[in-house]
Amino acid sequence: SQQGEEDPQALSIQEGENATMNCSYKTSINNLQWYRQNSGRGLVHLILIRSNEREKHSGRLRVTLDTSKKSSSLLITASRAADTASYFCATDAPYSGAGSYQLTFGKGTKLSVIP
Amino acid sequence: GAGVSQSPRYKVAKRGQDVALRCDPISGHVSLFWYQQALGQGPEFLTYFQNEAQLDKSGLPSDRFFAERPEGSVSTLKIQRTQQEDSAVYLCASSSRQGPYSYEQYFGPGTRLTVT
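What this report covers is the structure whose coordinates are included nearby. These figures come from a predicted structure and were not determined experimentally. Within each chain, residues carry numbers counting from 1 in the order of the written sequence. Labels are handed out in written order, letters beginning with A for the chains and numbers beginning with 1 for the ligands. Two thresholds apply to this predicted model, a pLDDT of at least 70 for residue-level local features and 80 or more for giving and counting side-chain atom pairs, whereas whole-chain, interface and lining totals are computed over all residues. Side-chain measures here rest on the full set of heavy atoms in the structure, leaving out hydrogens and waters.

**Brief notes about the state of the cysteines**
Residues and elements named next belong to chain B.
Step number 1: Note on terminology: disulfide denotes any pair of cysteine sulfur atoms within 2.5 Å. Under the definition given, this model contains 2 disulfides over all chains.
Step number 2: Across the disulfide from Cys-23 sits Cys-92; the S-S distance is 1.8 Å. Across the S-S bond of Cys-23 and Cys-92 the torsion is about -65°, and the bridge reads as left-handed. Note that Cys-23 is positioned in strand 3 (residues 19-24) and Cys-92 in strand 9 (residues 88-95), a separation of 69 residues in sequence. Judged on exposure class, the residue Cys-23 and its partner Cys-92 are both buried. Here a helix means four or more residues in a row that DSSP labels H or I, a strand means two or more in a row labelled E, and each is numbered from the N terminus. A simple rule labels every residue: compare its accessible area, found with a 1.4 Å probe on the protein chains alone, to the largest value its type can have, and call it buried under 20%, exposed over 50%, or partly exposed in between.

Here it is as structure tokens:
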């Protein structure tokens, strides 16, 4: 079953605009990650934010996490055509002394950046 | 440094056939994961290995699915008596994590399985 749910399901913007994607999840998490998937490069890790962090930056990416609302957002600034891809949030559960720390992915947001 | 590799990249199987999908993780990575991704969906967890030990197989959909990692490096996912609903992309990921916090996972390109 998929814990995260991204919103919107699809987003189309012009090159140079900012893109914001949201993720909501249901149960407590240890941390939250964002991944990008396109046909050329497969699934690639973008950024990881821990449950005790509220905001994180990496290049043109900005991620926020609100554990009280069980939600996260990914902002891509100054988008490029090469950012066209599907974006997934993925969560893992708090450490319980055993287990796999499996990632639970959402269904993704399909971003199209028009040149 | 090579990334995670998977083979074959594409596999077509007739319903009822057995298939074996291979994953070569990044050298030295302790953790190895298998995921199944249906069209238009996010990846769904199948199973996890820490070295050669299979610590979590809670995501395997049926007893037709079997995974192994006998020497703690290469892993094989085997599906017996394939069914049409097994058609999906099978992704392998590895991670260097060993402690209580999860780390980023490095994914292979996947094997697209089509069962006819």
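**Details of the pairing of strand 5 (residues 42-50) of chain A**
Within a regular strand, the side chains alternate between the two sheet faces.
All names here are of chain A.
Step number 1: In terms of burial, strand 5 is a largely internal element, 8 of the 9 residues being buried.
Step number 2: Here the rule is simple: two strands pair whenever DSSP picks up at least two bridges between them. Relative to strand 5, strand 4 (residues 31-38) runs antiparallel, the two sharing 8 bridges. Of the residues in strand 5, the one forming a bridge with Gln-37 is Leu-43.

**What to know about the pattern of salt bridges**
Residues and elements named next belong to chain B.
Step number 1: When a carboxyl oxygen of Asp or Glu lies within 4 Å of a side-chain nitrogen of Lys or Arg, that pair is called a salt bridge. One pass over the full model with this rule turns up 6 salt bridges over all chains.
Step number 2: Two residues, Glu-68 and Lys-78, come together in a salt bridge whose shortest N-O distance is 3.4 Å. Remark: Lys-78 occurs in strand 8 (residues 75-79) and Glu-68 occurs in strand 7 (residues 65-68); sequence separation between them is 10 residues.
Step number 3: What makes Glu-68 partly exposed here is its relative accessible area of 27%.

**What about the packing of aromatic side chains?**
Step number 1: Note on aromatic contacts: the rings of Phe and Tyr and the six-membered ring of Trp form a pair at centre separations within 6.5 Å, being stacked when their planes are under 30 degrees apart, edge-to-face when over 60 apart, and tilted otherwise. Per the stated rule, a full pass over the model turns up 10 aromatic pairs over all chains.
Step number 2: Relative to Phe-107 of chain B, the ring of Tyr-35 of chain A lies with its centre 5.6 Å away and its plane at 85°, an arrangement referred to as edge-to-face. Taken together, the residues Tyr-35 of chain A in strand 4 and Phe-107 of chain B in strand 10 (residues 106-107) connect one chain to another. A single burial state applies to Tyr-35 of chain A and to Phe-107 of chain B, both of which are buried.
Step number 3: Ring geometry for Tyr-35 of chain B against Phe-107 of chain B: centres 5.5 Å apart, planes inclined by 40°, an arrangement best described as tilted. Of the two residues, Tyr-35 of chain B is situated in strand 4 (residues 31-37) and Phe-107 of chain B in strand 10; the sequence distance between them amounts to 72 residues. Take Tyr-35 of chain B and Phe-107 of chain B: they sit in the same class, and that class is buried.
Step number 4: Aromatic ring contacts, followed pair by pair, group Tyr-35, Phe-88 and Phe-105 of chain A together with Phe-33, Tyr-35, Phe-45, Tyr-48 and Phe-107 of chain B into a single cluster.

So far we have only geometry, and geometry alone does not tell us how the molecule works.
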